[in-house]
Amino acid sequence: MLHSIIKENSYQDSVNLMLLTNKISTMDGVKQASIMMGTPANKEIFQNTGMFTDELEKAGPNDMCIVIDTDDEDKVAQVLTTIEEELKNQAISSSKQEFESVRTWDKAMQALPNANLALISVPGQYAAEEAEKALDRGLHAFIFSDNVTIEDELRLKQKAHEKGLLVMGPDCGTGILSGVPVAFANVVKEGNIGVVGASGTGIQEVTTLIDRLGGGVSHAIGTGGRDLSETIGAITMLDAIAGLEKHQATEVIVVISKPPAKEVRNQVVQLLQRISKPVVAIFVGEEPEAHEGSVYYAHTLEETAMIAVDLSKGKEIKANYNMLSTEAPKVELKPEQTAIKGLYSGGTLAYETAILMSKGLELGQLIHEDGYMLKAKGHEVIDLGDDKYTQGKPHPMIDPETRIHYIEQAALDESTAIILLDVVLGYGAHDDMASALLPVIEKAQRNAREKGKNLYFVATVCGTEKDPQDYHEQKQKLEQAGVIVKESNNQAVRTALAMMGIQLKDKEKSLVASKQNEQEDNKVSESIVKLLSGKPVVINVGLKKFVNAVTSYGGSAVHFDWRPVAGGNERMRKILSLLK
């Protein structure tokens, strides 16, 4: 039976409510729970998940909606008490933070008059409006929020370009500015490699590998996944590349993207061939056969990092970096065990896995439906961070619940031989994902042994020793449970394939002369130069937890304790915006 409670004018950020939902859902006697703000999008999620009640009709975007499925009415009071205690504890914890919190843009600018970056993580329907306010105040915008229309993205990026500002995002998950982690970011050594990426976990994989290979990163600028689409035209990427060329401490530039629109790719490559610094470029999915002048093309994220580090140290570039680094362990499998299942939290890592598996297993075209990147002949690669799996739930980098369910399913499939996993560390990610996954991994292995067979887990840990979770500790926990942990996603996939008797071989790349005519002096605004010349000064609009990483690594920040204008009343909000 569904019980619903509406707490008026009780705004909480979405991550807090998702984690609270998970806690309530594990209580004895609770079949299911859902706690969200009463936005139209969230009401639709309530309906799609069978948790909608008539009482929710009257809820507004500023009202907290609690829906509990339980047959025990006494359980409702217990749930409410738990929610009150959790929110009180969060409030106490927040009050101890060493940063200022304000409630308006004007007060934020007064508190931090030299601010140069707005970090925006409000619900998507409001994100474009807040980003516009940031641009109007001369701030670069880092938009973590998703569900921003592509029309709004184009308008914001065109406006930013005219003002000499950068819009990173929307749906920009990670960044590093002068050693300061932004949003879901890792802690990497500072150095002379600058990264621009239209891929969150692509940036994380490359920057953490650079760190562990002994290199360092000056900046890692996320653009949002749609930046290289035909509609947007790589506005942020082109401006960011030009900015890194002017940045004196950056000596090597790395560009990361999933397959872009052809004309946009050509535009980006033309710029890369004009700049004065060596570049490593990866368009994930392409298998390049040659480098062009000082533009080096990579096939895998690991190869991208390796070439960048060699360039940064003045070493000669090898023709191929994509060999299996160690011999794959020998396996004992039953005849029916023929399939590899990839269960990923990182979208780009999942995509890279699907590309490599499809090549090695000769599976043909990839698919992009229901979160699947690959589904053929029993083999599967799933991006569990896809919208299909995260509606009303935390991202799998934060919460292991969805992946635990899919590991259980994969283990029950008699055809499963190997399960591939990624564990992504850094600020914003789960405090101890290895420990959270170990019980289901050990149970799956135990059940397989009881049936007289083996089930193998191969994993990669994306992180560094300075991340809050500690790379070495996470790796050790997995290895102690019998998980085969490799240094990169590329190595993990090649190892899984080798365990199945398949050796991936990459072509050696040749070096050809550059097609470009001569270098040009690319104009870069003073605002971009200033952003890249020092630690960011941040107005954090939305998720409070993002402030900690900024201030811990030398950045300055004030937290804008955002609430929907006019209590979220859409009509009144539009009227108020017109009156300003």
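What counts and how
- Residues numbered from 1 in each chain as written.
- Predicted model: local features only at pLDDT ≥ 70, side-chain atom pairs only at ≥ 80, totals over all residues.
- Heavy atoms only, no water.
- Helix = DSSP H or I, 4+ residues; strand = E, 2+ residues; numbered from the N terminus.
- Rg over C-alpha atoms; globule rule 2.2 N^0.38 Å.
- Contact = heavy atoms within 4.5 Å.
- Areas by Shrake-Rupley, 256 points an atom, 1.4 Å probe, with all protein chains shown as cover.
- Lys, Arg positive; Asp, Glu negative; His and termini not counted.
- Charge placed at Lys NZ, Arg CZ, Asp CG, Glu CD.
- Buried < 20%, exposed > 50% of the residue type's maximum accessible area, 1.4 Å probe, protein only.
- Pairing = 2+ DSSP bridges.
- Axes fitted to C-alpha atoms, helices over the stretch in contact; angles between N-to-C directions.
- Domains from an automatic or database assignment.
- Buried area = accessible area lost by both parts, 1.4 Å probe.
- Salt bridge = Lys/Arg side-chain N within 4 Å of Asp/Glu carboxyl O.
- Polar contact = N/O pair within 3.5 Å; in protein donor to acceptor, adjacent residues only side chain to side chain.
- Phe/Tyr/Trp six-rings, centres within 6.5 Å; stacked < 30°, edge-to-face > 60°.
- Lys NZ or Arg CZ within 6 Å of the ring centre and 35° of its normal.
- UniProt positions renumbered as here; feature names shortened; annotations may be inferred.

- Looking at an unreviewed UniProt entry, one finds the protein chain named Succinyl-CoA ligase and attributed to Brevibacillus laterosporus LMG 15441.

**So, the overall build of the protein chain**
- For the protein chain, the helix and strand inventory stands at 19 helices and 24 strands.
- For 580 residues, the compact-globule estimate of 2.2 N^0.38 gives 25 Å, and the C-alpha radius of gyration of the protein chain, at 24 Å, lies within 12% of that figure.
- The principal-axis extents of the C-alpha atoms in the protein chain amount to approximately 65 × 65 × 40 Å.
- A separation threshold of at least 6 residues defines the contact pool for the protein chain, and within that pool the share at least 24 residues apart is 73%.
- Put simply, the protein chain shows about 24,300 Å² of open surface, and 46% of that area lies on carbon and sulfur atoms.
- Each charge class in the protein chain can be summarised by its mean position, and for the 61 positive and 81 negative side chains these summaries are 2 Å apart.

**Considerations on the environment of E245**
- Looking at where E245 falls in the secondary structure, it is placed in helix α8 (residues 235-246).
- Here E245 falls in the buried class, since its relative accessible area comes to 11%.
- A C-alpha to C-alpha distance of 7.2 Å links E245 and S276, two positions 31 residues apart in sequence.
- For E245, the residues in contact, after removing those within four places along its chain, are I253, I275, S276, K277 and N522.

**Some words on the sheet that holds strand β19 (residues 416-424)**
- Strands sit in the order β17-β18-β16-β19-β20-β21 across an open sheet of 6 strands; the sheet is mixed. Two strands bound the open sheet, and with one partner strand each, they are β17 (372-376) and β21 (484-486). Put simply, the sheet's adjacent strands are angled 15° from each other on average, direction ignored.
- Across the sheet, helix α13 (residues 401-412) is in contact with β16 (339-344), β18 (379-383), β19 and β20 (456-462); its angle to β19 comes to roughly 165°.
- Set on the sheet, helix α16 (residues 489-499) makes contact with β16, β19, β20 and β21; between it and β20 the angle comes to about 170°.

**Some thoughts on the domain arrangement of the protein chain**
- The domains assigned to the protein chain are domain 1 (2-96), domain 2 (99-171 + 536-579), domain 3 (173-322 + 525-532) and domain 4 (339-500).
- Residue-level contacts link 28 residues of domain 2 with 29 residues of domain 3.
- Here domain 2 meets domain 3 over a buried area of about 2,500 Å², counting both sides, of which 70% is carbon and sulfur.
- The tally of links between domain 2 and domain 3 comes to 2 salt bridges.
- Two residues, R226 and E153, come together in a salt bridge whose shortest N-O distance is 2.8 Å.
- Run the count over domain 2 and domain 3 and you get 9 residue pairs in polar contact (both at pLDDT 80 or more).

**Overview of the side chain of T250**
- One can find T250 in the loop between α8 and β12 (252-257).
- For T250, a relative accessible area of 0% corresponds to the buried category.
- Look past the residues within four positions of T250 in its chain and what remains in contact with it is N192, G194, S218, H219, L244 and K277.

**Here we look at the packing of aromatic side chains**
- This structure, assessed with the given rule, holds 8 aromatic pairs.
- When the ring of F144 is compared with that of F184, the centres are 5.3 Å apart and the planes differ by 45°; the resulting orientation is tilted. Here the residue F144 occupies a position in the loop between β6 (140-143) and α6 (150-163), and F184 occupies one in the loop between β9 (180-183) and β10 (193-197), the gap between them amounting to 40 residues. F184 matches F144 in its accessibility class, with the two residues each being buried.
- Ring plane angle 85° and centroid distance 5.6 Å describe the contact between Y389 and Y406, whose orientation is recorded as edge-to-face. Residue Y389 is found in helix α12 (residues 387-390), and its partner Y406 is found in helix α13; the two are separated by 17 residues along the sequence.
- By relative accessible area, Y389 is classed as buried at 8%.
- By way of ring pairs, the aromatic residues Y11, Y126 and W562 are connected into one cluster.
- Here the basic side chain of K375 rests over the ring of Y372, its NZ or CZ set 4.5 Å away from the ring centre.

**Observations regarding the pairing of strand β3 (residues 64-69)**
- Within β3, 6 of the 6 residues are buried, which leaves it mostly tucked inside the rest of the structure.
- With burial as the criterion, each face of β3 is covered, one bearing M64, I66 and I68 and the other bearing C65, V67 and D69.
- In terms of strand pairing, strand β2 (residues 32-37) meets β3 through 6 bridges, oriented antiparallel. In the sheet register, M37 faces β3, and the bridge partner there is M64.

**A look at the UniProt feature "domain: CoA-binding" (unreviewed entry) in the protein chain**
- On the UniProt side, "domain: CoA-binding" (unreviewed entry) is annotated at positions that read residues 189-284 here.
- Here residues 189-284 is 40% helix and 23% strand, with 25 Å between the C-alpha atoms at its ends.

**Let's talk about the pattern of salt bridges**
- Under the criterion given, the structure shown has 31 salt bridges.
- Residue E473 is joined to K477 by a salt bridge in which the shortest nitrogen-to-oxygen separation is 3.7 Å. You can see E473 and its partner K477 sitting in helix α15 (residues 471-480), 4 residues apart, about one turn around the helix.
- For K477, a relative accessible area of 21% puts it in the partly exposed group.
- When salt bridges that share partners are traced, they join E132, D136, D152, R155 and K159 into one network.

**Here's the deal with the UniProt feature "domain: ATP-citrate synthase/succinyl-CoA ligase C-terminal" (unreviewed entry) in the protein chain**
- According to UniProt, the positions carrying the feature "domain: ATP-citrate synthase/succinyl-CoA ligase C-terminal" (unreviewed entry) are residues 343-497.
- Across residues 343-497 one finds 44% helix and 20% strand; the C-alpha atoms that close the span lie 15 Å apart.

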